[in-house]
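Residue-level listing of the chains:
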Amino acid sequence: MQKITIAIDGFSSTGKSTVAKQLAKHLEYIYVDSGAMYRAVTYYAMKYGFIDATQFDVVGLVSKLHDIVVYFELNEKTGSADVYLNGENIEIPIRTLEVSNYVSQVAAIPEVRYQLVKQQHKMGSEKGVVMDGRDIGTVVFPDAELKLFMTASAETRATRRYDELTLKGDIVTYNDVLHNIEERDYMDSNREDSPLRKADDAIEIDNSNLSLDEQFQKILKLAEAAIQKNN
Ligand code: CDP
Ligand code: CDP
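Since we're looking at a predicted model, the values are computed, not measured.

Draft legend 1. Region of interest: the site of ligand 2. By nearness alone, 16 residues border ligand 2, and Lys16, Ser17, Thr18, Glu164 and Leu210 come closest of all. Between ligand 2 and Lys16 there is a distance of 2.8 Å, counted from an oxygen atom to a side-chain nitrogen or oxygen. Out of a free accessible area of 540 Å², ligand 2 has 82% covered by protein chains. Placement of ligand 2 is best described as lying within the largest pocket. Mapped onto the shell around ligand 2, the elements with two or more residues apiece are helix H1 (16–27), helix H7 (154–167) and helix H9 (212–230). Counted by class, the shell around ligand 2 contains 3 nonpolar, 8 polar and 5 charged residues.

Draft legend 2. Summary view of the sheet that holds strand S1 (residues 5–10). Pairing is parallel in the open sheet, where 5 strands are placed in the order S2-S6-S1-S7-S8. The open sheet has two free edges, formed respectively by strand S2 (30–33) and strand S8 (203–206), since each of these has just one partner strand. The average angle at which neighbouring strand axes cross in this sheet is 20°, direction not considered. As defined by bridge partners, strand S7 (residues 146–151) adjoins S8 across 4 bridges and the pair is classed as parallel. Its bridge partner lying in S8, Met150 is registered against Ile205. Helix-sheet contacts for H9 involve S1, S7 and S8, and the interaxial angle to S7 is about 160°.

Draft legend 3. Quick peek at the pairing of strand S6 (residues 129–133). Here S6 lies mainly inside the structure; 5 of its 5 residues are buried. Strand direction decides the pairing type here: S2 and S6, joined by 4 bridges, are parallel. Bridging across to S6, Tyr31 finds its partner in Val130.

Draft legend 4. Representation of H1 within the structure. The terminal C-alpha atoms of H1 lie 16 Å apart, and with 12 residues this matches the ideal 16 Å at 1.5 Å per residue to within 8%. Among the residues making up H1, those that are buried are Lys16, Val19, Ala20, Leu23, Ala24 and Leu27. The buried residues of H1 all sit within an arc of 135° when viewed along its axis, so they share a single face. Contact partners of the buried residues in H1: S1, S2, S6, S7 and H9. Looking one or two places after H1, you find Glu28, whose phi comes out positive at around 60°.

Draft legend 5. Spotlight on the site of ligand 1. For ligand 1, the set of nearby residues contains 19 residues, the closest of which are Ser12, Arg39, Arg113, Asp135 and Asp188. Between an oxygen atom of ligand 1 and a side-chain N or O atom of Ser12, the distance comes to 2.7 Å. Separating an oxygen atom of ligand 1 from a side-chain N or O atom of Arg191 is a distance of 2.8 Å. Taken atom by atom, the bulk of ligand 1 overlaps the largest pocket. Those elements that provide at least two residues to the shell around ligand 1 are helix H2 (34–47), helix H4 (97–107) and helix H8 (174–190). Sorting elements by how many residues they give to the shell around ligand 1 places H2 first, with 4 residues. Partitioning the shell around ligand 1 into residue classes produces 4 nonpolar, 6 polar and 9 charged.

Draft legend 6. Looking closely at the UniProt feature "binding site: ATP" (unreviewed entry) in the chain. In this numbering, the UniProt entry assigns the feature "binding site: ATP" (unreviewed entry) to Gly10, Phe11, Ser12, Ser13, Thr14, Gly15, Lys16, Ser17 and Thr18. Cross-referencing the annotated residues with the largest pocket identifies Ser12, Ser13, Thr14, Gly15, Lys16, Ser17 and Thr18 as lining it. Here Gly10 falls in the buried class, since its relative accessible area comes to 0%. Residues contacting Phe11, with those up to four places away along its chain left out, are Lys16, Arg134, Phe149, Met150, Thr151, Arg157, Asp185, Ser189 and Leu196.

Rules used throughout
Residues numbered from 1 in each chain as written. Chains lettered and ligands numbered in written order. Predicted model: local features only at pLDDT ≥ 70, side-chain atom pairs only at ≥ 80, totals over all residues. Heavy atoms only, no water. Near = heavy atom within 4 Å. Polar contact = N/O pair within 3.5 Å; in protein donor to acceptor, adjacent residues only side chain to side chain. Areas by Shrake-Rupley, 256 points an atom, 1.4 Å probe, with all protein chains shown as cover. 1 Å grid on protein atoms, 1.4 Å probe; cavity = no way out; pocket = protein on both sides within 12 Å on 5 of 7 lines; lining within 4 Å. Sits in = over half its atoms within 2 Å of the grid points. Helix = DSSP H or I, 4+ residues; strand = E, 2+ residues; numbered from the N terminus. Nonpolar A, V, L, I, M, F, W, Y, C, P; charged D, E, K, R; others polar. Pairing = 2+ DSSP bridges. Axes fitted to C-alpha atoms, helices over the stretch in contact; angles between N-to-C directions. Contact = heavy atoms within 4.5 Å. Buried < 20%, exposed > 50% of the residue type's maximum accessible area, 1.4 Å probe, protein only. Expected span 1.5 Å × (residues − 1). Arc of directions from axis to C-beta. UniProt positions renumbered as here; feature names shortened; annotations may be inferred.

This is the structure in structure tokens:
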């Protein structure tokens, strides 16, 4: 069976990474969380003082891009890949609301996108990859054999993300989470370079009323059909 490329894009907290991981495991494909790469650069920018509540030194950050090495390594305990930045496992700190509050500004910088997209091309060069993000079906892999575009109402997504963060012990309010989601949706959809939009040939899935399993079964059928068509 020839392997295909599966691109999953959509708004924040629509279940993209959950279903991408499930699919990759089931199909024995590689999973790439492209959002984690943008989060990693944001974490670096925060750690080294390029971005905070009062300033954003874009020129300084861009000048350091060659020093930022982002990669994934399997975590034996969880069975999924953790993201690393220059040797440091940053899987946990990149998921905080603080990083979420800055990531869309960092992701709007063309030089950052250029660097990360180059790496994403390499990661998916042999096919057999499920990659999720905002521009995978439009920019990174415009020839992907299966493209999905995930949506759900902002309130549903905020509830899901709020539950996830509080379960991990993060102290956040529902309103802060909702505000972050709406702001990122807006910034990601309206930036000049590679804005979030549905590719013309992507299949839209609104999962507001789908459980994780229902969503997986529906998408697995689409993936199996796309693989069949390609063979
Ligand atoms: O998990 P969630 O959907 O909240 O976000 P994510 O996938 O971790 O992505 C974090 C941020 O990275 C997004 O809000 C975008 O600003 C940026 N991103 C992007 O610009 N392009 C991608 N391919 C993936 C993420
Ligand atoms: O990757 P993305 O930000 O699109 O979303 P995710 O991290 O996969 O999912 C966000 C949260 O929503 C997770 O806690 C999922 O378990 C939950 N979710 C859900 O409860 N039902 C769905 N149909 C999809 C996601």
